[in-house]
Amino acid sequence: MTGRFSFTLNATDGQARTGVIQTPRGDVRTPAFMPVGTAATVKAMLPGSVRETGADILLGNTYHLMLRPGAERIDRLGGLHKFMNWDRPILTDSGGFQVMSLASLRKLTEDGVTFSSHIDGSKHFLSPETSMEIQRLLGSDIVMAFDECPALPASEEDVAKSMQLSMRWAQRSRDAFGDRPGHALFGIMQGGVTPELREESAKALTAIGFEGYAVGGLAVGEGQEAMFGVLDYAPGFLPQDKPRYLMGVGKPDDIVGAVQRGIDMMDCVLPSRSGRTGQAWTRRGQVNIKNARHADDPRPVDEACTCPACRGYSRAYLHHVFRSGEMISGMLLTWHNLHYYQELMEGMRQAIAMGRLDSFVAEFHAERAQGDI
Ligand SMILES: CCCSCc1cc(N)cc2c(=O)[nH]c(N)nc12
Ligand SMILES: [Zn+2]
């Protein structure tokens, strides 16, 4: 595969930016929302359907794929793109975050993390070097540095120690990544909610040099106010000419606020996970389709939505198939939610390009304030 990885900023509006990440497997329009395909699938969706919602890039998980089916097996079968039938860009997380949230019997040292699989209890080891190798075997286009995301609550001293470990791991990730034209390695800023630690982390990562920079250590229970408090300054510590990725975010209003504060890329399981539980995200807020009030409602979830769920089905039908536990229920609402998220991103990209993000955001909040009808 030939071609380069590059990022072009096309317009700014306040702190917000819109641009394009060019990769050999295709362009990623920013600000971008990246659906999560944890175990080589965006749950309840075909790859072609995910593309139809407007997604330019998907996420994969080193932790899950190394445990099952195994990175070597995926490599032997032609890599993750071929394996999951998605030929556009894939970003993979480095695994440390998932180890700390999913695995058992974890032992963290300077060298890396040993842990037991949450699937079968087998023993594994992840380090910057093994994470880079796994992500190379998967063939992902954007590789994340191996980091540690401290669980809350954590003292400032512990957050500082954890961030400094992650910065040493960032250097080791860079060294192990090697020279891979067309592929990108992103560093991950840590530092909790302490400006000085965030700045120290940004300086360390910038000195190492990455093709993009993530803001990690957020969306871990700190709440939107604290998260926005960090985003009011942290993106500004990062290089202006490189993509900024806020990990694990979020609800639609989190995403809008993050874009306003200079974030270019986000990912979250929320639209797909909540779609499987009957939660629809709309311009007018959340709709719990399992609520009895929808049992006889002939209207679509959102009259203005052009997704297959809204074009072809009533709330009454969706209510019925969720109540009956039919597989189509999660398929339809996952599709609707991802479609809504991508429409929100396209709306912000256009608004930034026209210098009217503020009025777009005002309209976004005004519509949600009306609530569902
Ligand atoms: C497929 C999931 C990607 S985002 C996972 C994630 C989510 C959140 N909230 C934080 C972090 C973090 O600090 N570091 C890393 N590697 N990942 C994080
Ligand atoms: Zn819809």
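See the structure above.
Since the structure is predicted, the reported quantities are computational estimates derived from the model, not experimental observations. Starting afresh in each chain, residues are numbered from 1 along the sequence in its written order. Chains carry letters and ligands carry numbers; both start at the beginning, A for chains and 1 for ligands, and go up in the order they are written. Residue-level local features of this predicted model are given only where pLDDT is at least 70; pairs of side-chain atoms are given and counted only at 80 or more, and the full residue set underlies all totals for whole chains, interfaces and linings. Each side-chain value is derived from all of the structure's non-hydrogen atoms; neither hydrogens nor water enter the calculation.

**What about the coordination of the zinc ion (ligand 2)?**
For a metal with four donors in a tetrahedral arrangement, the ideal angle between donors is 109.5 degrees, while six donors in an octahedron ideally sit at 90 or 180 degrees. For the zinc ion (ligand 2), the protein coordination sphere consists of C305 (SG), C307 (SG), C310 (SG) and H336 (ND1), at 2.1 to 2.3 Å. Any N, O or S atom lying within 2.8 Å of the metal counts as a donor, and for Na, K and Ca the limit rises to 3.2 Å; water is left out, so some sites can look incomplete. Angle rules define the geometry names used: all angles between 85 and 135 degrees makes four donors tetrahedral, while opposite donors over 155 degrees apart and all other angles between 65 and 115 make four donors square planar and six octahedral, leaving every other case irregular. Angles of 103 to 113° at the metal separate the four donor atoms of the zinc ion (ligand 2), which places the site in the tetrahedral class.

**Description of the environment of D158**
Comment: elements are numbered from the N terminus, with helices defined as DSSP H or I runs of at least four residues and strands as E runs of at least two. Tracing the backbone through its elements, the reader meets D158 in helix α7 (residues 156-177). Along the sequence, D158 and D241 sit 83 residues apart, while their C-alpha atoms lie 31 Å from each other.

**As for the packing of helix α10 (residues 252-260) against helix α15 (residues 357-370)**
Inter-axis angles, ranging from 0 to 180 degrees, are taken between N-to-C directions of lines fitted to C-alpha atoms, where helices are fitted over the stretch in contact. Viewed as axis vectors pointing N to C, α10 and α15 meet at an angle of 165°, and their least axial separation amounts to 11 Å. By the criterion of interaxial angle, the relationship of α10 to α15 is roughly antiparallel. In the crossing of α10 with α15, the sense of the turn from one axis to the other is left-handed. Taken together, the residues of α15 that come into contact with α10 (itself represented by P252, D253, V256 and Q260) are L357, D358, V361, F364, H365 and R368. When its residues are assigned to classes, the contact of α10 with α15 shows five nonpolar, two polar and three charged. Here roughly perpendicular refers to angles of 65 to 115 degrees, roughly parallel to angles under 35, roughly antiparallel to angles over 145, and oblique to all remaining angles. Crossing handedness is read from the near helix: turned anticlockwise from the far helix by less than a right angle, it gives a left-handed crossing, and turned clockwise, a right-handed one. Every residue pair with non-hydrogen atoms within 4.5 Å of one another is taken to be in contact. Charged means Asp, Glu, Lys or Arg here, nonpolar means Ala, Val, Leu, Ile, Met, Phe, Trp, Tyr, Cys or Pro, and polar covers whatever is left, Gly included.

**Considering unusual backbone geometry**
With an omega dihedral of -5°, the bond running from L152 to P153 counts as a cis peptide bond. When you line up the elements, P153 lands in the loop between β10 (142-144) and α7. The omega torsion across V249 and G250 is 5°, close enough to zero to call that bond cis. Looking at where G250 falls in the secondary structure, it is placed in the loop between β13 (244-246) and α10.

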